[in-house]
Amino acid sequence: ADGGQPTGGQAYGSATGEVLFGGSGAGGSAGDAGALAGGIAIAGLRINGEVDAVFDIKGLPVGIEIKSIQGSLAESAIIGTIGMRARGLKGEPKPEHVIQTAIYAWHLREQIPRFKILYIMRDKCFREEFELVVKQDSEERKIIYIDGRRWEYFTLDDVFDRYKKLAFHINSGITPDRDFT
């Protein structure tokens, strides 16, 4: 954490931060700098999205994806169980939120070098954050890192390959095989 909780007029994580952009989910407009102008084209599919907010934290722009959660299952999986929190540990972000944020992080890497996924529990007001970075390895695979650790479930290339497969099936009208049995 960069220290500090969001408070009136202050950027998340910074006592002296400046809000650089707030997406429509955070009170801004779709035309602001955080929008993926015109979308991202992957295998002929256009992916549209908008970063929830971009804050200046310690002199660098940081993209923030804000997610609200509730319930004991979300608390233990994302925020962490009471025992985990007592040991300074936390859960992990939802894979679909990692996918969304990783796409933004990769395509906006020149303008916004850091991204965070911020979870806020609606029912208990607990919060947790995860820093997300996408880096290319020596084989040019786009590897996702959460809080400095490699995300083991999939790479961003896996996500793009899945989109390409989906595009093929949409464009050809061929029903894909089941993912599961």
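Parameters and conventions
Residues numbered from 1 in each chain as written. Predicted model: local features only at pLDDT ≥ 70, side-chain atom pairs only at ≥ 80, totals over all residues. Heavy atoms only, no water. Helix = DSSP H or I, 4+ residues; strand = E, 2+ residues; numbered from the N terminus. Buried < 20%, exposed > 50% of the residue type's maximum accessible area, 1.4 Å probe, protein only. Contact = heavy atoms within 4.5 Å. Areas by Shrake-Rupley, 256 points an atom, 1.4 Å probe, with all protein chains shown as cover. Core = buried A, V, L, I, M, F, W, Y, C linked by side-chain atoms within 4.5 Å. Phe/Tyr/Trp six-rings, centres within 6.5 Å; stacked < 30°, edge-to-face > 60°. Lys NZ or Arg CZ within 6 Å of the ring centre and 35° of its normal. Axes fitted to C-alpha atoms, helices over the stretch in contact; angles between N-to-C directions. Parallel < 35°, antiparallel > 145°, perpendicular 65-115°, else oblique. Nonpolar A, V, L, I, M, F, W, Y, C, P; charged D, E, K, R; others polar. Pairing = 2+ DSSP bridges. Expected span 1.5 Å × (residues − 1). Polar contact = N/O pair within 3.5 Å; in protein donor to acceptor, adjacent residues only side chain to side chain.

Turning our eyes to something else, we now look at the overall build of the protein chain. Helix and strand counts for the protein chain stand at 4 helices and 9 strands. Its helices and strands taken in sequence order, the protein chain reads β-β-β-β-β-α-α-α-β-β-β-β-α from the N to the C terminus. Per-residue burial over the protein chain gives 40% buried out of 181 residues. Taking the contacts inside the protein chain whose residues are at least 6 apart along the sequence as the reference set, 54% of them involve residues at least 24 apart. For the protein chain, the accessible surface area stands at approximately 10,300 Å², while carbon and sulfur atoms represent 52% of it.

Attention now goes to the nonpolar core. Counting 30 residues, the largest nonpolar core has Val-98, Leu-132, Val-134, Ile-144 and Leu-156 as its most contacted members. Of all the secondary structure elements, the ones that give two or more residues to this core are α1 (72-79), α3 (95-107), β6 (114-121), β7 (127-136), β8 (142-146) and α4 (156-172). Judged by nonpolar contacts, the second largest core, of 6 residues, contains Ala-53, Phe-55, Val-62 and Ile-64.

Here Asp-52 is to be found in the loop between β3 (45-47) and β4 (53-57). Given the relative accessible area of 14%, Asp-52 is considered buried.

Here the structure, examined in full by the defined rule, presents 3 aromatic pairs. Each ring, one from Tyr-119 and one from Phe-130, has its centre 5.9 Å from the other, and the planes form 85 degrees; the classification is edge-to-face. Of this pair, Tyr-119 sits in strand β6 while Phe-130 is found in strand β7, placing the two residues 11 residues apart along the sequence. Plain terms: the ring middles of Trp-151 and Phe-154 are 5.8 Å apart, the flat faces sit at 70 degrees to each other, and that makes the pair edge-to-face. Phe-154 carries the same exposure label as Trp-151, and that label is buried. One aromatic cluster is present, formed by Trp-151, Tyr-153 and Phe-154 through successive ring pairs. Positioned over the ring face of Trp-106 is Arg-109, at 3.6 Å from the centre of the ring.

It is worth spelling out the packing of α3 against α4 at this point. It is the contact of α3 with α4, at a shortest axis distance of 10 Å, that shows an interaxial angle of 105 degrees. Taken together, α3 and α4 sit at an angle that is classed as roughly perpendicular. Listed contacts from α4 to Ile-99, Ala-102, Ile-103, Trp-106 and His-107 of α3 are Leu-156, Val-159, Phe-160 and Tyr-163. Grouping the amino acids of the contact of α3 with α4 by side-chain chemistry returns 8 nonpolar, 1 polar and no charged.

The next subject is unusual backbone geometry. A positive phi angle, near 55 degrees, is found at Lys-58, a position not held by glycine. Within the secondary structure, Lys-58 is located in the loop between β4 and β5 (60-69). Under the relative-accessibility criterion, Lys-58 is labelled exposed at 66%. Despite not being glycine, Glu-140 shows a phi value in the positive range, around 65 degrees.

What follows covers the pairing of β5. The pairing of β4 with β5 spans 5 bridges and is classified as antiparallel. Across the sheet, residue Ala-53 finds its bridge partner in β5, namely Ile-64. Taking the residues that link successive antiparallel strands as the turn, the β4-β5 hairpin has 2 residues, and the phi of Lys-58 there is positive, at about 55 degrees. Sheet topology note: the β5/β6 ladder contains 8 bridges and is parallel. Along β6, the bridge assignment pairs Gly-63 with Phe-115.

All right, on to α4 then. An ideal rise of 1.5 Å per residue puts 24 Å on 17 residues; α4 measures up with 24 Å between its terminal C-alpha atoms. Listing the buried residues of α4 in full gives Leu-156, Asp-157, Val-159, Phe-160, Ala-167 and His-169. With a side-chain oxygen positioned 3.2 Å from the backbone nitrogen of Asp-157, the residue opening α4 is Thr-155. Where α4 terminates, the next one or two residues include Gly-173, which has phi positive at roughly 75 degrees.

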